[in-house]
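Architecture at a glance
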Amino acid sequence: MSYFKPSIDSRVDYSLILPVICLLIFGIMAIYIAVNHDYPASAWAIVGQQIAWIALGIVISFVVMFFNTKFLWKMTPFLYVLGLGLMVLPLVFYSPSLVASTGAKNWVTIGGTTLFQPSEFMKISYILILSRSVVQFSQRNKDKIRTIKMDWLLILELFLYTVPVLILLTLQSDLGTALVFMAIFSGIVLLSGVSWKIILPIFLTGVSLFIAFMLIFTWEGGRAFLHNLGMPTYQINRILAWLHPFEYAQTTTYQQAQGQIAIGSGGIWGQGFNVSNLLVPVRESDMIFTVIAEDFGFMGSIFLIALYLLLIYRMLRITLKSNNQFYTYISTGLTMMLIFHIFENIGAVTGLLPLTGIPLPFISQGGSSIISNLIGVGLLLSVSYQNNLLEEQQTGYSRRRKKIILKKLK
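Quick summary incoming for the structure in this document. (Residues numbered from 1 in each chain as written. Predicted model: local features only at pLDDT ≥ 70, side-chain atom pairs only at ≥ 80, totals over all residues. Heavy atoms only, no water.)

What to know about helix 8 (residues 196-218)
As a reminder, the rule being used: Numbering goes from the N terminus for both helices and strands, where a helix is a DSSP run of H or I of at least four residues and a strand is a run of E of at least two. Multiplying one less than the number of residues by 1.5 Å gives the expected span of a helix. Categorising residues by exposure relies on relative accessible area from a 1.4 Å probe, with only protein chains included: less than 20% of the type maximum marks a residue as buried, more than 50% marks it as exposed, and the intermediate range marks it as partly exposed. In this analysis, two residues are considered to be in contact whenever any of their non-hydrogen atoms come within 4.5 Å of each other. By the criterion applied in these results, polar contacts are pairs of N or O atoms within 3.5 Å in which, for protein atoms, one can donate a hydrogen and the other can accept it, and in which residues neighboring in sequence qualify only through two side-chain atoms.
The first and last C-alpha atoms of helix 8 sit 32 Å apart over 23 residues, in line with the 33 Å expected at 1.5 Å per residue. All of the buried residues along helix 8 are Ile 198, Met 214 and Phe 217. The inward-facing, buried residues of helix 8 abut helix 6 (148-172), helix 9 (222-228) and helix 10 (233-243). If you check the start of helix 8, you find a side-chain oxygen 3.1 Å away from the backbone N of Lys 197, and it comes from Ser 195.

This is the structure in structure tokens:
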């Protein structure tokens, strides 16, 4: 009895790749429109550089797809330590002018050339180390009854891996990226089965602190009080820009005000490809959504969001399908990272949330973000690949067993 032998091609999850490719193409078009109006002499050079980063990210993603559980498990501690080491570099090698404009030391700059943002790659290492830690904790306590005390011990263990990252991000003054790490942390903690008796009080405490902060911020003299406590001026200005985007439209909130006007000017169908009537600072990066809304309108924006929803749906399907705990937590961390990036970026550009400098995944210009996100896709493809491989092995075993039984019956 012969049967079809599955190929490598049949194990690749093309339904995950398709929305990613569409997003990357969308991003290249949006970046071209932005830089063609803002830096026309360098437009093709910037677009070519973005395509080169995408190509490099795809190659790395393809290689990562073939990583198995054993290899990832062994490499995770080394990747975590390497990630922390890389995050020290921006504190030493940075551009004073870039720090003055952004307020953060999160880019490695050597000899006047900005190279990469280590925290983007640390997100992947962080997801891996938390996933490994949860699985190890479960294995150590598999014969014990889950208690509140054990839940606290798990949270403490995960937080110990988080503390060095948060310290380095504090030294870099990169609050936006710190929020991404906390979103990943929250997603993995929730999936780990921690009791609601812990989660609910923490959530309510967080909400209470946020309300208290906003009351102080909006109180007369509150901003001066927060500044004296150590809150950077650029963070205060970003919150002011969120609360009053048009009140300071000619000064501190110019970027947000221009971005919201650009989004509104797109209407339902947009003004057309490569049309730009407004100047929005750094719209090729953090404000890229304004380009899409202005040129392709509400319908183009909805199409972009639909692509993200399709991608998230496929990520969730891969997560639910996996029978490997390590892979399940990795998928969860990557899903939380992507959702937070999308929600924060689009929310900030449209005025629903404060601007934090978080790029739009697969769309914004920048090598570190693109390569990091494509590595994440590679990990998800690896999860799907291993799921399919396991199914093949189980199916093959079942068929071989059936063949043996038939022979015995004959």
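Here's the deal with the packing of helix 6 against helix 7 (residues 175-191)
For clarity, the cut-off: Lines fitted to the C-alpha atoms define the axes, with helices restricted to the stretch that makes contact. Angles between their N-to-C directions range from 0 to 180 degrees. Any angle between 65 and 115 degrees counts as roughly perpendicular, while under 35 counts as roughly parallel, over 145 as roughly antiparallel, and the rest as oblique.
At a closest axis distance of 10 Å, the pairing of helix 6 and helix 7 adopts a crossing angle of 170°. Comparing their axes, helix 7 and helix 6 come out roughly antiparallel. On helix 7, the residues touching Ile 155, Leu 158, Phe 159, Thr 162, Val 165, Leu 166 and Leu 169 of helix 6 are Thr 177, Ala 178, Phe 181, Met 182, Phe 185 and Val 189.

Some remarks on unusual backbone geometry
Non-glycine residue Ser 173 carries a positive phi angle of around 60°. When you line up the elements, Ser 173 lands in the loop between helix 6 and helix 7. Of note in the backbone geometry, Asn 274 takes a positive phi value of approximately 65° without being a glycine. Mapping Asn 274 onto the fold places it in the loop between helix 11 (254-265) and helix 12 (288-321). The exposure class assigned to Asn 274 is partly exposed, which follows from its relative accessible area of 24%.

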